[in-house]
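Chain and residue survey
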Amino acid sequence: MKLSWRIWFLVFVLAFSAMSILNLPAIYTVLVGLLTISILATLSFVKDKFTRNILLFFTAVAIIAIIFFTAQQGVLITSLDSNSFVFSEGLRKGMILTSINGNQIKTSEDYSSQISSLFPTEEKIKLTVQTDKGEFIFLTNETPQLSVSAISKTNLKTGLDLSGGARAMIRPANMTPSQSEMADLIAVTSNRLNTFGISDVNVRAVSDLTGNNFMLVEVAGITTDDLKELVGQQGKFEAKIGKEIVFIGGERDVASVCRTDATCSGIRECLPSSSGGYVCRFTFSIYLSELAAEKHANITSNLSVNSTDENGKSFGGERFLSEKLDLFLDDKLVDSLLISEGLKGSATTQIAISGSGSGATKEEAYNSAQTSMKKLQTILITGSLPYKLEILKLDSASPVLGKEFTKNIIYLGFIVFLIVSILIFLKYRKIKITLAVILTMFSEALITLGIAALIKWNLDAPSIAGIIAGMGTGVNDQIVIIDESVSEESENLKEKIKRAFFIIVGAFFTIIAAMLPLFWAGAGLLRGFALTTILGVSVGILVTRPAFGDMIKKIQE
Amino acid sequence: MISAFQADGPGPTPGRRIYNNKKMSEENNSSEEKMGAHEQKVHHHEKIKMNLFKNFNYDKWYKIMFIIPLVLVIISLFSIALTFSHTGSFFLKDVSLSGGTSITLHGDFDYVKLESELKNQYEDISFKGLSDISSGKQIAFIIESSAQPDPLKKSIEDILNTKLDSDNSSIEFSGPALSDNFYKQLMFALIISFILMSIVIFVMFRTFIPSIAVIFAAFADIIMPLAVINYFGIKISTAGIAAFLMLIGYSVDTDILLTTRALRKRGGTLNSRIFGAFKTGTFMTLTALFAVLPAFFIVTGLPDSFRQIFFILALGLSADIINTWLTNASIIKWYCEKKGIK
């Protein structure tokens, strides 16, 4: 059986798509690609039917075996604190963790059960972590600050509506930002999210048809409340004594912030509150830059020393300065610190910041305090955003629901596939034609997914609808080719197929023309739908349709 | 319908009569020898079908057949105009286009109680259940309102006495200014899309009336589903408008097929060419329709955006059968008769 170059081309593209979709170790990916191509070579060059079938069978078994058994083991490190000891020892985000102290880690549950069996501990213990990039040994009594997730079997990424997470569209309020102002905003926002410890972030500028610029923030595994507070607020932190600003958030004034060291940062006490529920207080130290410390010295040197507060109540022997250090976040007072007598006029660099969180239960209050502390620390480190912001759109998607939807979409795709195959068979009553249609349909979907995986496109629900619709136009075109090729005219088959392509190319350009405006309209939020549709029909016209034409020629001859 | 095309076996079928048609058999004789057994069979089927077609006097009816879609288009336009006069837009907009909050709940809650209590608190609120047809189980419950997300969320939490988190809910909020902007832009995109499609059609056919026929059919393919959607009071989202854009591209392929075949001037009579295109085209549209229908009858637990896209495509494809084979076919038949294309 001699195969045309168009069919060869299709199989090459298919092999590359499969390699792009599957998340296998590199060597196996290449192997799968080579084996796929060898199937074609077998079909094309091996004349003896028996040998050919044997070869095909074993190649297919080998491919399936590789896909099933060589999927990467272990868990992926999705985030780790850059201040933590694991980071300083060389562990990085993106590494694959395979075992802890010799115990294999296959799922994130394995990881958490291992870690919770070892920590917390008073004494320092030896922790041997095996990763794909080598072995790391730690001697520690601190819980490693990292989060892990299961390794995906494919490189396909689903959009927020299917994987769960939050998305916000934000722009500076009362102003039209320029490109560079947007870039500043995006830089500070990304920094803030990273500092907060969120790894799976996508912050980008989007613009619409009328030239409006927006910032689009997409984050997996976060609630809208957190996202709103982290990026929707300017986060202007000011520490004032009286009306004078001593220091503000950001690296100019704040040299460093204690975050992971339990001796200078943490939740100090949890008490039942007067209104029922609990209140937990957190404290952490910050270190001021010399500039800010001098400012503190200058301002405090003019203050008087009191032994009673403004209501005349005694401080109980201690003496404090007449003004307090007031901490403001976005112009709201969050805390007031008394300044002890000893600090008057001194260039103090260390300041303890405290605050609280409340909740119905002790655990809730603890978590709330923890989150508030983390947010405050983040703002102190990253500084305020350059503009007051306006949230235009704020969405969150439940990962639980997304999982259910994804499952159903896959199921639906399978049913559509089946129904179309049956219809084609009922109409043409030829197994070869039906198989050619099924193969083409499958190829189009696979190649479109392959490209999506390659360009790391997040497939949201509309994108997948686009893939299915693209498959639909594909089938339509194949029907045109088949019907033209069996039409009762005197022209030769080649002419007929050529004519079929006139119709197909026409239909192709109308789809492209119709979908193109979606790339820009509505800030590109529906770009995925346009992209997959256009990809699908382009793959059709460039790769699968020519090959299908050849297959039909072969079948009809 | 499909089995009718598959009538098998030779014999004194009506097809024989056409076989004896002088012009046709002359044309066929040259190719007859080259044909394999299969092609002869197909060939024979063509004759039977063409005869079925002949019994129905297309030449007499095609002008009248054009009136049906024309009336439907006028009714649709009228109903859309009515919607416009009531609401100020061509269709009902959901919160993604009008601004507001949509909360999707996931889990076993007392939705009846929730619905009645929320109705008392919010004037402008609507509800939508989403269940999986195979298991009958309710997957999600969608609440839409023009309210801000925080108070609405609080009300729901109070009624259900549960905290809404990412395990049991999804929340979408669109500010009114942004939504309005989206609406305007997507409508603009719809117009641009239509114009671009029209340009492609003109470039392809380079003749005025056949091109206009295709473009009119595409226009009707959008107008009719829109009227149906308005009639049922369904609110359209951003994804819904995207589906209309796709419809513009998707629906013209059968029109292109018909026009190409009708104008080709060879291969049978004009009527047989139109009928040949009809056979291929209806099968194309029906296949596409069968591909989108399972989303409503077999697997129904799908994201709202996904369902809306499929719903609009299903309506559009149904309208396309009318508009290609009544609207466009009638115009092209009339054009060919006038131009003497046989």
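Not measured: the values here are computed from a predicted model.

Counting secondary structure elements, chain A contains 15 helices and 22 strands. Relative to the 2.2 N^0.38 estimate, which gives 24 Å for 557 residues, the radius of gyration of chain A is 31 Å and therefore markedly larger than a compact globule would have. In terms of overall dimensions, chain A has C-alpha extents of about 110 × 60 × 45 Å along its principal axes. Split into buried and exposed, the 557 residues of chain A put 40% on the buried side. Within chain A, contacts between residues separated by at least 24 positions form 71% of all contacts whose residues are at least 6 apart in sequence.

Next up on the list: the environment of T29 of chain A. Residues and elements named next belong to chain A. By the secondary structure assignment, T29 is in helix α2 (residues 26-45). On the basis of neighbour count, T29 is assigned to the buried category, with 20 C-beta atoms found within 10 Å. Remark: the alpha-carbon pair of T29 and L325, spanning 296 residues in sequence, is separated by 61 Å. T29 has contacts with M19, L22 and L24, leaving out every residue within four places of it along the chain.

Residue and element names in this part refer to chain A. Of note in the backbone geometry, D330 takes a positive phi value of approximately 50° without being a glycine. With respect to the element layout, D330 can be found in the loop between β18 (325-329) and β19 (332-337). Phi is positive for K456, close to 55°, though the residue is something other than glycine. Along the chain, the position of K456 falls in the loop between α12 (431-454) and β22 (458-459). When the 9 C-beta atoms within 10 Å are taken as the criterion, K456 is described as exposed.

What follows deals with the environment of A297 of chain A. Along the chain, A297 of chain A falls in helix α9 (residues 290-301). In this structure A297 of chain A touches G345, S346 and A347 of chain A, once residues within four positions along its chain are discounted.

The next point concerns the domain arrangement of chain A. The assigned domain composition of chain A is domain 1 (75-150), domain 2 (165-233), domain 3 (237-384) and domain 4 (399-556). Computed from C-alpha coordinates alone, the two centres of domain 1 of chain A and domain 2 of chain A are separated by 31 Å.

We now examine the sheet that holds strand β11 (residues 237-241) of chain A. All names here are of chain A. With antiparallel pairing, four strands are arranged side by side in an open sheet as β12-β11-β18-β19. Edge strands, defined here as strands with exactly one partner in the open sheet, are β12 (244-248) and β19. Along the sheet, successive strands turn relative to each other by an average axial angle of 30°, direction set aside. The sheet contact formed by β11 and β18 spans five bridges and is antiparallel.

Of all hydrophobic cores here, the largest spans 181 residues; its most connected members are I170 of chain A together with M197, A242, L245, M246 and L313 of chain B. Per-element tally for this core: the top contributor is helix α11 (residues 238-263) of chain B, with 15 residues.

Here we come to the sheet that holds strand β9 (residues 201-207) of chain A. With antiparallel pairing, the eight strands of this open sheet are ordered in space as β9(A)-β10(A)-β8(A)-β21(A)-β4(B)-β1(B)-β3(B)-β2(B). Because the sheet does not close on itself, it has two edges, and the strands there are β9 of chain A together with β2 (125-131) of chain B. Here the strands of the sheet are splayed against their neighbours by 20° on average, with no regard to which way each runs. Relative to strand β4 (residues 169-174) of chain B, strand β1 (residues 100-105) of chain B runs antiparallel, the two being bridged by six bridges. Within the sheet, the bridge partner assigned to S102 of chain B lies in β4 of chain B and is E172 of chain B. Here helix α8 (residues 149-160) of chain B sits on the sheet and contacts β21 (389-397) of chain A together with β1, β3 (138-145) and β4 of chain B; the angle it forms with β1 of chain B, its principal contact strand, is near 35°.

With that settled, consider the interface of chain B and chain A. Taken residue by residue, the interface counts 74 residues in chain B and 67 residues in chain A. Tallying contributions element by element places helix α9 (residues 176-205) of chain B first for the side of chain B that touches chain A, with 14 residues. Among the residues making up the side of chain B that touches chain A, the classes are represented as 42 nonpolar, 24 polar and eight charged. As paired strands, β21 of chain A and β4 of chain B are joined by four bridges and run antiparallel to one another. Paired with S396 of chain A across the bridge in β4 of chain B is I171 of chain B.

All right, on to helix α15 (residues 527-556) of chain A then. Residue and element names in this part refer to chain A. Spanning 30 residues, α15 covers 40 Å between terminal C-alpha atoms, matching the ideal 44 Å at 1.5 Å per step. Bending of α15 peaks at approximately 45° at the position of G540. For α15, the tally of buried residues reaches 22 of 30 residues, placing the bulk of the element in the interior.

Residue and element names in this part refer to chain B. When cut into domains, chain B gives domain 1 (2-53), domain 2 (57-93 + 177-339) and domain 3 (100-174). Taking only C-alpha atoms into account, the centre of domain 2 sits 35 Å from that of domain 3. Between domain 2 and domain 3, the residue contacts involve seven residues of the former and seven residues of the latter. Across the side of domain 2 that touches domain 3, the residue classes tally to three nonpolar, three polar and one charged.

The subject of this paragraph is helix α1 (residues 5-21) of chain A. Residues and elements named next belong to chain A. Taking 1.5 Å per residue as the helical rise, α1 with its 17 residues ought to reach 24 Å, and the 24 Å between its terminal C-alpha atoms agrees with that figure. When α1 is considered as a whole, its buried residues turn out to be I7, L10, V13, L14, A15, S17, A18, M19, S20 and I21. Among the structural elements, α2, α12 and α15 are those in contact with the buried residues of α1.

Reading guide: rules and limits
- Residues numbered from 1 in each chain as written.
- Chains lettered and ligands numbered in written order.
- Predicted model: local features only at pLDDT ≥ 70, side-chain atom pairs only at ≥ 80, totals over all residues.
- Helix = DSSP H or I, 4+ residues; strand = E, 2+ residues; numbered from the N terminus.
- Rg over C-alpha atoms; globule rule 2.2 N^0.38 Å.
- Buried ≥ 20, exposed ≤ 12 C-beta atoms within 10 Å, placed from the backbone.
- Contact = placed C-beta atoms within 7 Å.
- Domains from an automatic or database assignment.
- Pairing = 2+ DSSP bridges.
- Axes fitted to C-alpha atoms, helices over the stretch in contact; angles between N-to-C directions.
- Core = buried A, V, L, I, M, F, W, Y, C linked by C-beta atoms within 7 Å.
- Nonpolar A, V, L, I, M, F, W, Y, C, P; charged D, E, K, R; others polar.
- Expected span 1.5 Å × (residues − 1).
- Bend = angle between axes of the 7 residues up to and from the residue.

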